[in-house]
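# Report on the structure
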Amino acid sequence: MTNDLFEKANRLNETLFEQFGKAAEMQMNAFRRYADVTMEQAKKVSEVRDLESLKSLTGDQAETLKSLSEQFTADWKAWQDYFNESREQIQKVFEKEPEETAKPGPKSAK
């Protein structure tokens, strides 16, 4: 019983470590993407010198907002998939039988 508990705790720790690693990677990728967009927009705003460049910037920002909206939707779906996967992985930890009891080995007769 105690061995089973330790095995499940070990599998849970491994699963959580793996899932937290995925979450951290997803957050860093999203942060990098949005920071790049922010820096690009800041650079474009700083380059506005006249009415024509302001008009151009306004049109460009409409496209950027559309792109950001699509990216937000994709990121939200990725997070939903991540949460579903994490839940499934954690459920598997508690559903699995320990390898030793799930696969009894042949007993030697001497």
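Bear in mind the structure is a predicted one, so any value in this text is a computation, not a measurement.

What counts, and at which threshold
- Residues numbered from 1 in each chain as written.
- Predicted model: local features only at pLDDT ≥ 70, side-chain atom pairs only at ≥ 80, totals over all residues.
- Heavy atoms only, no water.
- pLDDT = per-residue confidence, 0-100.
- Helix = DSSP H or I, 4+ residues; strand = E, 2+ residues; numbered from the N terminus.
- Contact = heavy atoms within 4.5 Å.
- Axes fitted to C-alpha atoms, helices over the stretch in contact; angles between N-to-C directions.
- Parallel < 35°, antiparallel > 145°, perpendicular 65-115°, else oblique.
- Nonpolar A, V, L, I, M, F, W, Y, C, P; charged D, E, K, R; others polar.
- Buried < 20%, exposed > 50% of the residue type's maximum accessible area, 1.4 Å probe, protein only.

## Details of the confidence of the model for the protein chain
Counting all residues, the mean pLDDT for the protein chain is 85, and 85% of those residues have values of 70 or more. Here helix 3 (residues 99-102) stands out as the least confident element of the protein chain, with mean pLDDT 46; helix 2 (residues 51-95) is the most confident, with 92. Of the regions scoring below 50 in pLDDT, residues 100-105 engages in 3 contacts with residues more than four places distant in sequence or in other chains.

## Here we look at the packing of helix 1 (residues 2-46) against helix 2
Look at helix 1 against helix 2: their axes get within 10 Å of each other, and the N-to-C directions meet at 175°. By the angle between their directions, the pair helix 1 and helix 2 is classed as roughly antiparallel. Among the residues making up the contact of helix 1 with helix 2, the classes are represented as 18 nonpolar, 9 polar and 8 charged.

## Describing the environment of Ser 86
One can find Ser 86 in helix 2. Judged by its relative accessible area of 9%, Ser 86 falls in the buried class. With 71 residues separating them in the primary sequence, Ser 86 and Thr 15 have C-alpha atoms 8.1 Å apart.

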